[in-house]
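# Descriptive analysis of the structure
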Amino acid sequence: MKIVVLKFGGTSVGTIEKIKKVTDIIIEHKKKKNKVIVVSSAMSGVTNDLIKKSKQISNNFIDSEYDVLVSSGEQVACSLIAGGLNHKGFKSRSWLGWQIPIFTNGPYTNSRIQQVNKNKLLRFLKEGGIPIIAGFQGVNMNERVTTIGRGGSDASAIMIAKSFKAQRCIIYTDVEGVYTTDPNKLKKAKKIKVISYEEMLEMASLGAKVMQPVSIQDARLNRINIEVKSSFIKKPGTLITKRTNLNNNRIITGISSTHNDAKVTLVGVKDRPGVAASIFKPLSINSINVDMVVQNISPNGKETDLTFTIKAEDLNKTKKIIQDNKSIKFKKVLFQKGVSKISIIGVGMITTPGVTFRMFQALANKKINIQVISTSEIKISVLINKKDAKKALATLHKEFKLQE
Ligand code: ADP
Ligand code: ASP
Ligand code: MG
């Protein structure tokens, strides 16, 4: 059976007009004699609104009910698509996570898909039906509704493609594919034809919203090729695949940026074994994600400075945790909002010397100050003042000839 999985993001189902357009795309695939499985997100903005409502009830809204609440957006979109297909004469119905079921494990709000039961869906497909599956949701061992993290419908689509051994998995979105950088931030961004899982994972983790990082991990593990394309414009998109399928000699593949970071610096921290652990343990217990970490060498062996970055929205919580933490001694603590992280990504940098220098020199030429640096095999990230972010993005995009 030739199965095609089509995923539509919130931006593709954001209005009734767009949902009608989506049903046409689905019908086009169906007419090619494919068995079509659809995964949909909530209409754009709906999940954010639901989250806002939970906050109006409580800043500590209980996680299990949060999942019931925020997963409801997908239900609306799926029923509208299925209803639209019925209206056009096609057999279709919506499927919620618990009806399939899609089993998840892990904590509420951030579960992972473990297993997708195929029986009922296979029967429906064989009857010629088009299932419209609610992305982003599942059910756990306690028969409670779960969600799998923001942007999670991408991961739903990948895990469904894996379970059904689908021939194609297409992620329809509001841009034509994966670009060298966010095309809504830099007009000169160019569409990338093929990108490796590794590069896409770094780009996504470092701020490229177009694909959710977990979905790329799942696709890499299960060797699922992903096609990202526009639901509005009929043009070839981007293929996300394994590295050996790539044939190019680019050094840098893309640039990602984040704009809602904050920097914390502890000055004069007692330099003894275990100090870093006692700083980060309470942050980890409170689910605060620490990103870049830099510890200075201590000139006298007694004291050191430690800097790390977090999401700006976690700043108040972090301030309180640090101030309440009696197990660490330091002279003062500095908090800074308004910083951005700019990252260049590319497998080409493994074999090309001088990339770091080129990046730093290009930023220096534009008088952009680097506050923190972190690197991995295929990426270099710098933390800079947010007001310089746009300039830095354009400068690096040009320096590494990404617009050519
Ligand atoms: P969907 O609703 O389809 O899930 P998202 O809003 O999650 O769509 O992701 C699409 C958005 O990702 C685009 O509108 C674009 O602004 C943003 N984006 C960020 N980085 C990139 C990139 N490198 N390539 C393409 N889009 C990107
Ligand atoms: N609706 C969910 C969100 O906005 C999931 C998704 O869009 O993929 O995060
Ligand atoms: Mg998305």
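Keep in mind that what you see is a predicted model, and the values were worked out from it rather than measured. (Residues numbered from 1 in each chain as written. Chains lettered and ligands numbered in written order. Predicted model: local features only at pLDDT ≥ 70, side-chain atom pairs only at ≥ 80, totals over all residues. Heavy atoms only, no water.)

Near ligand 2, the surroundings consist of Ser41, Ala42, Thr47, Glu74, Phe136, Arg150, Gly151, Gly152 and Ser153. At 3.3 Å from an oxygen atom of ligand 2 is found a side-chain nitrogen or oxygen belonging to Ser41. A distance of 2.7 Å separates an oxygen atom of ligand 2 from a polar side-chain atom of Arg150. Surface burial for ligand 2 is 87%, taken as the share of its 270 Å² of free accessible area covered by protein chains. (Near = heavy atom within 4 Å. Polar contact = N/O pair within 3.5 Å; in protein donor to acceptor, adjacent residues only side chain to side chain. Areas by Shrake-Rupley, 256 points an atom, 1.4 Å probe, with all protein chains shown as cover.)

Moving on, we come to unusual backbone geometry. In this structure, Pro101 follows Ile100 across a cis peptide bond, with omega equal to -20°. Within the secondary structure layout, Pro101 lies in the loop between strand S3 (92-95) and strand S4 (102-105). The phi angle at Arg223 is positive, at roughly 50°, despite the residue not being glycine. Residue placement: Arg223 occurs in the loop between helix H8 (213-222) and strand S11 (226-230). Backbone geometry at Lys401 places phi at a positive 55°, although glycine is not the residue there. (Helix = DSSP H or I, 4+ residues; strand = E, 2+ residues; numbered from the N terminus.)

All right, on to helix H6 (residues 153-163) then. With respect to burial, H6 is a largely interior element, 10 of its 11 residues being buried. All of the buried residues along H6 are Ser153, Asp154, Ala155, Ser156, Ala157, Ile158, Met159, Ile160, Ala161 and Ser163. Lys165 lies just past H6 and shows a positive phi near 50°. (Buried < 20%, exposed > 50% of the residue type's maximum accessible area, 1.4 Å probe, protein only.)

The subject of this paragraph is a positive patch on the surface. Where like charges cluster on the molecular surface, the positive patch consists of Lys188, Lys366, Lys367, Lys391 and Lys398. Secondary-structure assignment places Lys188 in the loop between strand S9 (168-173) and strand S10 (194-196). (Patch = residues over 30% accessible without salt bridge, like charges linked within 9 Å, V, L, I, M, F, W, Y side chains within 5 Å. Salt bridge = Lys/Arg side-chain N within 4 Å of Asp/Glu carboxyl O. Lys, Arg positive; Asp, Glu negative; His and termini not counted. Charge placed at Lys NZ, Arg CZ, Asp CG, Glu CD.)

With that settled, consider the sheet that holds strand S17 (residues 372-376). Reading across the sheet, the six strands line up as S14-S15-S13-S16-S18-S17 and stay open at both edges, with antiparallel pairing between neighbours. Every interior strand has two partners, whereas the edge strands, strand S14 (293-295) and S17, have only one. Ignoring which end each strand starts from, the neighbouring axes of this sheet average 25° apart. (Pairing = 2+ DSSP bridges. Axes fitted to C-alpha atoms, helices over the stretch in contact; angles between N-to-C directions.)

Strand order in this open sheet of eight strands is S3-S6-S2-S1-S9-S11-S12-S10, and the pairing throughout is mixed. For this open sheet the edge positions go to S3 and S10, each flanked by a neighbour on one side alone. The sheet shows a mean angle of 25° between the axes of neighbouring strands, taken without regard to direction. For S3 and strand S6 (residues 130-134), the ladder comprises four bridges, and the chain directions are parallel. Opposite Trp95, over in S6, you have Ile133 as the bridge partner. With respect to the sheet, helix H1 (residues 16-31) is in contact with strand S1 (3-8), strand S2 (35-40), S6 and S9, its orientation differing from that of S1 by roughly 170°. In the packing of helix H4 (residues 72-87) onto the sheet, the strands contacted are S2, S3 and S6, and the crossing angle to S6 comes to about 165°. (Contact = heavy atoms within 4.5 Å.)

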